[in-house]
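# Topology and contacts: notes
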Amino acid sequence: MNIIDALRKIERIFIPDGSPEVVETVYNEFKDIVPAIKKGPMNKNGRSGTGNFIIAVAGYEKLKKIGVRQQIKNKKKYILLKLTGDGSGYIISSHSYYLYSFVCNFLSTRQDKLSDEYEKGKTITPAYDWHRTSYDFFLTQEGRIQKGLDRGNYIKELARLGFTHVEVNGLAFPMGLETGPKGETYPMFYTYCPALDQFVYSELNKGLYPFYYLSANMNYLKENVEYVSKYGLVPGMLCFEPRNVPEEFFQKYPMLRGARVDHPFRSFKPRYNMTITHPKVLDHYAEMVKKIMNEIPDMGFLNIWTNDSGAGFEHTKSLYVGRNGGPYLIREWKNDDEISKLAGENALRFLNVLKDAGSGINPEFRVITRMESFYGEHDTIWEGLRNHVEIETISLVQKGWDMPYTHPAYKDINQINGGSVYQQQFDPEERRKIGQLKRKNADPHFYFAYGPNSMFAPLIGVPYPELTYKRLKTLNENSVDHLAHHCGTLPPDLVPFNINHEVMRKYQYEPELNIKKTVRELTKKWTGEEYYKDLIKAWGLVEKAILAFPNITPLYSSLGFAWYRLWVRPFVPNLDAVNSDMRKLYEEQMCTTPHNPNNVDLSRDVLFYLTTPEKSAKDVLRIDKNLWKHIDNAKDILEKIVKDANKELGKNNIINDQLIRIKALRCWFMTQRNIAAWVSGVYGYMNSKKDKNKHRNDLKKMMKMEIENSREVLKLFRSGIEFMAITDQGETPLMYGTNITDLIKIRIKLMQKHMNDTPYIDHDYIMKKAGEPVF
């Protein structure tokens, strides 16, 4: 007998009174498969017996009340499953947020044989307690204006894939209300991680933002909560706090001015937040949290990012303008240790105020923050983490922004994107620190950066299933049970074959799985028997290519690829030589300032050095020697079978889909390679006395490669496959728009025109531009 045969014998599904909405959602999933199923009231008569099946969310202490007696090792988290040949049994989840994903996982195996363990009753322990979105690119951050995005389908997909906790606070508008002087892009940083005061007001700041604006944003948030609740997930928020407020607030309350929190290079005006050392400001924040919690009592967490994007804690060391703040925390002329201790305690007091305000309505409410910004206050913050004031991190042995791990293939590189495919090591000291925090009732949340925009941005759907499994297994085997999944998942309407997250879905309920077998079974469902071996072989080669990529700089591998318009800027020997009318076609939407050296030097960003000529030269050699052979072989494998697959499986088949995404990844790698070649070639030419012709020829070779690469990208846009994040609401400094193809064509012409320009970087660019008017 197969599972489906037993399911067809279910006559009635019993649901306990007061069950969360997800139980009804799951009942409907069963009914879609077996339409004859009826729903019965949960009472003492008729809960067991032929054809009677129970679906419930029940903690351990409630199991006996619904007549279930089954051995459970982990009473904290479980799924209980029993299905007999006569259609009787149950599915009971310890928490609402496991139920839907487990049922979807189980029903997807309904053609399998009904095993003895199902008939006797099986206990499944989820691998991770929490699988939470952190900076959900498509739902709440800059990607919420993605072309073709369906929020309802997206959240359903989060639930199906096993996410348990979901950010819901996105703006209802493409941008926030923050304004600034002409030429400033700083307001764009307010489109993501919107602060509490973008949704509600307190008595202190009432009228500071238009009521219609707050209402629209709160409505967007509540719509997301409705979707989330349908699938039993826990809603939460991600905010930059304490964030700056409009200057008009300080005209009314001049003595509540706090820290200057803007970036003095990117910002053209000073921006200040309220001083959180003042009780009136703490009350203001507590009131806002309570207002939101009264609207959404199930709100389960508030994630606070800080010291960036117009937010920061007073007198902390990593504030962009240095330690500063209001007048009430510490007087002048104190030493750094004393300031550090008081600043850390002040931050902890704020986090606890938020936590206490939320837990007064939901006792399980947690506040989560990041440690990187507190490198100057690290020890104080670490000591204060307890009782649901928690952290998310790439590493507990990390201090500040320093990456403690190296590239898996190139041990001399520690510039890797945290939590991504390139973070494969796990220091034993991490486990000791995990234990320390858990004993203080503060769970650490480790980054799992396998979502969009966290690596290979702005591409979507890049396949690397076994590398996904490796990170999941490494974290799970080292006592990590709370995942902070950076950037969420991929819209199923745009990425129908999301193999990485399918592996993730399976792992949550089968951590003992054999990855080779699992990938094979998943792939066969999409390809049938004919093509799965070739596709799996191609994926393996893609993973080898990924590991061969030396990561030019983490910024360009993630959000910086869109910020700095790397697919529409011409890589010419002298970026400043392009006519200003042509430059503005891409520079006007770059997330830059008129005096940012990145405008003329791809190795720089404000005062950062993103890479060096020496590293860049080595990166080019490594890519050419180690990477192309793998990705080209992967591409060749699929190109040989794609015509037959199109005939047999239809045009929207997985072979064609994956071929386009692999080609897109190759184009992305090529652009990264050519960035390194540009840095190496231009600096090499300027610094060389003997080899100028060599460097000039290298640059010409690079430009020809990038011109051809641009043509390949244009072909990809004609494929009909959505292979990258793109908005149809007008391009922004954070996202490419649908005009990208027009801009790429202009890029090609500009590179052809400037092929023979003399390589040059004006190293006085910052100061020259800073002395010019911006309008």
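Everything below is about the structure shown above.
The structure reproduced in this document is the subject of the present report. (Residues numbered from 1 in each chain as written. Predicted model: local features only at pLDDT ≥ 70, side-chain atom pairs only at ≥ 80, totals over all residues. Heavy atoms only, no water.)

### Some words on the overall build of the protein chain
This is how the line gets drawn: Helix and strand assignments come from DSSP, with helices taken as H or I runs of at least 4 residues and strands as E runs of at least 2, each series counted from the N terminus. Each radius of gyration is computed over the set of C-alpha atoms, and the globule rule expresses the reference value as 2.2 Å times the number of residues to the power 0.38. Partly exposed residues are those whose accessible area sits between 20% and 50% of the maximum for their type, while under 20% is buried and over 50% is exposed, using a 1.4 Å probe and protein chains only. Every residue pair with non-hydrogen atoms within 4.5 Å of one another is taken to be in contact. The charge count includes Lys and Arg as positive and Asp and Glu as negative, but it does not include His or the ends of the chains. Charge positions are represented by NZ for Lys, CZ for Arg, CG for Asp and CD for Glu.
The number of helices and strands found in the protein chain is 24 helices and 18 strands. Since a compact globule built from 775 residues should have a radius of gyration of about 28 Å, the 27 Å found for the protein chain is in line with a globular shape. Each principal axis of the C-alpha atoms in the protein chain carries an extent, and together these give about 90 × 70 × 50 Å. Counting every position in the protein chain, which comprises 775 residues, the buried fraction comes to 62%. Once local pairs closer than 6 in sequence are excluded, the contacts in the protein chain between residues at least 24 apart make up 77%. In the protein chain, 108 positive and 94 negative side-chain charges are present, and the distance between their average locations comes to 3 Å.

### Re the sheet that holds strand E3 (residues 52-57)
Our working rule: In this scheme, strands are said to pair when DSSP sees at least two bridges between them. Geometry is summarised by axes, namely lines fitted to C-alpha atoms with helices restricted to the contacting stretch, and by angles between N-to-C directions that run from 0 to 180 degrees.
Pairing in this open sheet of six strands is mixed, and the strands run E2-E1-E3-E5-E4-E6 from one edge to the other. Two strands bound the open sheet, and with one partner strand each, they are strand E2 (38-41) and strand E6 (122-124). Going across the sheet, the axis of each strand differs from the next one's by a mean of 20°, ignoring polarity. Of the pairings in the sheet, the one linking E3 to strand E5 (residues 89-93) comprises five bridges and is parallel in character. In the sheet register, Val57 faces E5, and the bridge partner there is Ser93. Its contacts with the sheet place helix H2 (residues 21-33) against strand E1 (12-15), E2, E3 and E5, and it is angled at close to 145° to E3. Docked against the sheet, helix H3 (residues 96-107) engages E3, strand E4 (79-83), E5 and E6, running at close to 135° with respect to E5.

### Here we look at the environment of Arg661
Selection rule: For this analysis, a polar contact is any N or O atom pair within 3.5 Å, provided that within protein one partner can donate a hydrogen and the other can accept it, and provided that sequence-adjacent residues contribute only side-chain to side-chain pairs.
Inspection of the secondary structure puts Arg661 in helix H21 (residues 654-687). Note on Arg661: relative accessible area 1%, which makes it buried. Taking the C-alpha atoms as reference points, Arg661 and Gly461, separated by 200 residues in sequence, lie 6.7 Å from one another. With residues up to four places along the chain from it excluded, the contact list for Arg661 reads Ile460, Gly461, Leu494, Val495, Pro496, Ile721, Glu722 and Phe723. Within the local environment of Arg661, its side chain forms a polar contact with the backbone oxygen of Leu494, the two atoms lying 2.9 Å apart.

### Comments concerning the environment of Trp382
Tracing the sequence through the fold places Trp382 in helix H10 (residues 378-384). Classification of Trp382 as buried rests on a relative accessible area of 12%. In sequence terms Trp382 and Arg132 are 250 residues apart; their C-alpha atoms lie 22 Å from each other. Beyond its immediate chain neighbours, meaning those up to four positions away, Trp382 contacts Met371, Ile391, Leu396, Lys433, Gln436, Leu437 and Lys440.

### Some points on the packing of aromatic side chains
Condition: Stacked, edge-to-face and tilted labels apply to pairs of Phe, Tyr and Trp rings (six-membered ring for Trp) whose centres lie within 6.5 Å, assigned for plane angles under 30 degrees, over 60, and everything in between, in that order. Over a ring means this: the NZ of a Lys or the CZ of an Arg is within 6 Å of the ring centre and within 35 degrees of the ring normal.
Scanning all chains against the criterion turns up 41 aromatic pairs. Seen from their ring centres, Phe30 and Phe53 are 5.6 Å apart, and the 40° between their planes marks the pair as tilted. Taken as a pair, Phe30 in helix H2 and Phe53 in strand E3 lie far apart in primary sequence, 23 residues in all. Residue classification places Phe30 among the buried residues on the basis of a relative accessible area of 1%. Seen in terms of ring centroids, Phe456 and Trp668 are 5.3 Å apart; in terms of plane orientation they differ by 75°. Their pairing is edge-to-face. Here Phe456 is found in the loop between strand E15 (444-448) and helix H12 (465-476), whereas its partner Trp668 is found in helix H21, with 212 residues between them in sequence. Note on Phe456: relative accessible area 1%, which makes it buried. Overall, the relative accessible area of 0% leaves Trp668 in the buried class. An aromatic cluster is present here, built from Tyr135, Tyr186, Phe189, Tyr190, Tyr192, Phe240, Trp305, Trp563 and Tyr564 joined pairwise through their rings. Directly above the aromatic system of Trp382 lies the positively charged group of Lys433, at a separation of 4.9 Å from the ring centroid.

### Details of the nonpolar core
Across soluble globular proteins, nonpolar side chains have a tendency to be buried as a group. The condition is simple: Residues belong to one nonpolar core when they are buried, are Ala, Val, Leu, Ile, Met, Phe, Trp, Tyr or Cys, and are joined through side-chain atoms within 4.5 Å.
If you look at the biggest cluster of nonpolar residues, it comprises 238 residues, and the most contacted ones within it are Phe30, Phe456, Ile546 and Phe669. At 18 residues, the largest contribution of residues to this core is made by H21. Residues Met42, Ala56, Val68 and Tyr78 belong to the second largest nonpolar core, which totals 13 residues.

### A look at unusual backbone geometry
Here the residue pair Glu241 and Pro242 is connected by a cis peptide bond, since its omega of -15° sits within 30 degrees of zero. The omega torsion of the bond from Ala457 to Pro458 falls at 5°, within 30 degrees of zero and hence cis. Looking at the secondary structure, you find Pro458 in the loop between E15 and H12. A positive phi angle, close to 50°, is found at Ser309, a residue other than glycine. For Ser309, the location among the structural elements is in the loop between strand E12 (301-305) and helix H9 (336-359). Positioned with a positive phi, Arg565 is a non-glycine residue whose angle comes to about 50°. Mapped onto the secondary structure, Arg565 falls in the loop between helix H17 (560-563) and helix H18 (580-587).

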